[in-house]
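Survey of secondary and tertiary structure
The primary structure of each chain is shown beneath.
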Amino acid sequence: MKIGINSRIYQNQNSGIPYYVFLLFSKILELDRKNEYVFFQTSTKKTIGRTVGKKISDDLRGAVLFDNFLVRPLIASEGIDIFHSASATLPVGRKKGVHYVTTIYDLAFLHFPHFYTRLYRLYHTHSIGRSLKKADQVICISESTK
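Values in this document were obtained by computation on a predicted structure and should not be read as measured data.

For any pair of aromatic rings, geometry is given as the distance between the ring centres together with the angle between the planes. Scanning all chains against the criterion turns up 8 aromatic pairs. A ring pair is formed by Y10 and F22, whose centres lie 5.7 Å apart and whose planes are at 10°; its orientation type is stacked. Linking Y10 in the loop between β1 (2-6) and α1 (16-31) with F22 in helix α1, this pair joins segments that are 12 residues apart in sequence. An angle of 80° between the planes, with centres 5.6 Å apart, marks the rings of F25 and F39 as edge-to-face. Here the residue F25 occupies a position in helix α1, and F39 occupies one in strand β2 (residues 36-41), the gap between them amounting to 14 residues. Both residues of the pair, F25 and F39, belong to the buried class.

In structure tokens, the structure reads:
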């Protein structure tokens, strides 16, 4: 089976979520020799396993564009069977025959809206809501998020 992972978030500075993504998939690559893994990112400077890069700006606009639109052609071109979005946002549209998994880390923007811009809250409310409806499986990293 061929598993694609949107690991764009791993490129961010070394903090909680990028570190979690690195540890999770480093261990999976070590333990699972049966499946093939392909990581999708906007840069190949900092990678986990075989990484396919799609060069785009490393800012919020680039992240939104990559997660929502640019990763889908990568899924198709790599012949992915299962796609896991480690950044909580599944791409717009659905490739037939592909199973979708997303990881939700926290929903702080809903509980503490005053810490986030209106645009941030709007985008994440929409994209996470859409991803939850589309996902075949959802991973929550805590009971609180679940």
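Right, let's talk about helix α4 (residues 118-134) for a bit. Between its terminal C-alpha atoms α4 stretches 24 Å, which fits the 24 Å expected from 17 residues at 1.5 Å a residue. Those residues of α4 not exposed but buried are H124, S127, I128, R130, S131 and K134. For α4, the angular spread of buried residues about the axis comes to 160°, placing them on one side. In α4, the exposed positions that point more than 90 degrees away from the buried face belong to R118, L122, H126 and K133. On its buried face, α4 sits against α2 (60-78), β5 (99-104) and α3 (108-111).

Take the pattern of salt bridges next. Enumeration according to the criterion identifies 8 salt bridges in this entry. The closest approach of N and O atoms between E36 and R50, which form a salt bridge, is 3.8 Å. Residue E36 is located in strand β2, and its partner R50 is located in the loop between β2 and β3 (51-53); the two are separated by 14 residues in the primary sequence. Across the pair R50 and E78 runs a salt bridge, and its minimum N-O distance is 2.6 Å. On the criterion of sequence distance, the pair formed by R50 in the loop between β2 and β3 and E78 in helix α2 is long-range, its members being 28 residues apart. For R50, a relative accessible area of 39% corresponds to the partly exposed category. Overlapping salt bridges bring together K2, E36, R50 and E78 as one network.

Turning our eyes to something else, we now look at the sheet that holds β1. Strands sit in the order β3-β2-β1-β4-β5-β6 across an open sheet of 6 strands; the sheet is parallel. Every interior strand has two partners, whereas the edge strands, β3 and β6 (137-140), have only one. Neighbouring strand axes in the sheet, compared pairwise and without regard to direction, differ in orientation by 20° on average. Most of the contacts of α2 go to β2, to which it runs at about 145°, and overall it touches β1, β2, β3, β4 (82-85) and β5.

Turning our eyes to something else, we now look at unusual backbone geometry. In this structure, A88 takes a positive phi of about 75° despite not being glycine. You can see A88 is positioned in the loop between β4 and β5.

Along the polypeptide, D32 turns up in the loop between α1 and β2. The side chain of D32 sits in the buried core without any salt bridge; K34 is the nearest counter-charge, 6.4 Å away. One polar contact links the side chain of D32 to the main-chain amide nitrogen of K34, over a distance of 3.0 Å.

Reading the values: the criteria
- In this numbering scheme, every chain counts its residues from 1 along its sequence in written order.
- Reporting of local features is limited, given that this is a predicted model, to residues whose pLDDT is at least 70; pairs of side-chain atoms are given and counted only at 80 or more, and all residues count toward the totals for whole chains, interfaces and linings.
- Working from all heavy atoms in the structure, the side-chain values ignore hydrogens and water.
- Stacked, edge-to-face and tilted are the three classes for Phe, Tyr and Trp ring pairs, Trp counted by its six-membered ring, which pair at centre distances within 6.5 Å; planes under 30 degrees apart are stacked, over 60 edge-to-face, the rest tilted.
- Secondary structure elements follow DSSP: runs of H or I no shorter than four residues count as helices, runs of E no shorter than two count as strands, and numbering proceeds from the N terminus.
- Between buried and exposed lies partly exposed: a residue is buried under 20% and exposed over 50% of the maximum accessible area for its type, with that area taken using a 1.4 Å probe on protein chains only.
- Multiplying 1.5 Å by the helix residue count minus one yields the expected span of that helix.
- What the arc measures is the spread of directions leading from the helix axis to the C-beta atoms.
- Any two residues whose heavy atoms approach within 4.5 Å are treated as being in contact.
- By convention in these notes, a salt bridge is any Lys or Arg side-chain nitrogen within 4 Å of a carboxyl oxygen on Asp or Glu.
- For two strands to be treated as a pair, DSSP must find at least two bridges joining them.
- Axis lines are fitted to C-alpha atoms, over the contacting stretch for helices. Their N-to-C directions set the angle, which ranges from 0 to 180 degrees.
- Positive charges come from Lys and Arg, negative ones from Asp and Glu, while His and the chain ends are left out of the count.
- In protein, a polar contact means a hydrogen-donor-capable atom and an acceptor-capable atom, both N or O and within 3.5 Å, with residues adjacent in sequence counting only if both atoms are side-chain atoms; elsewhere, any N or O pair within 3.5 Å suffices.

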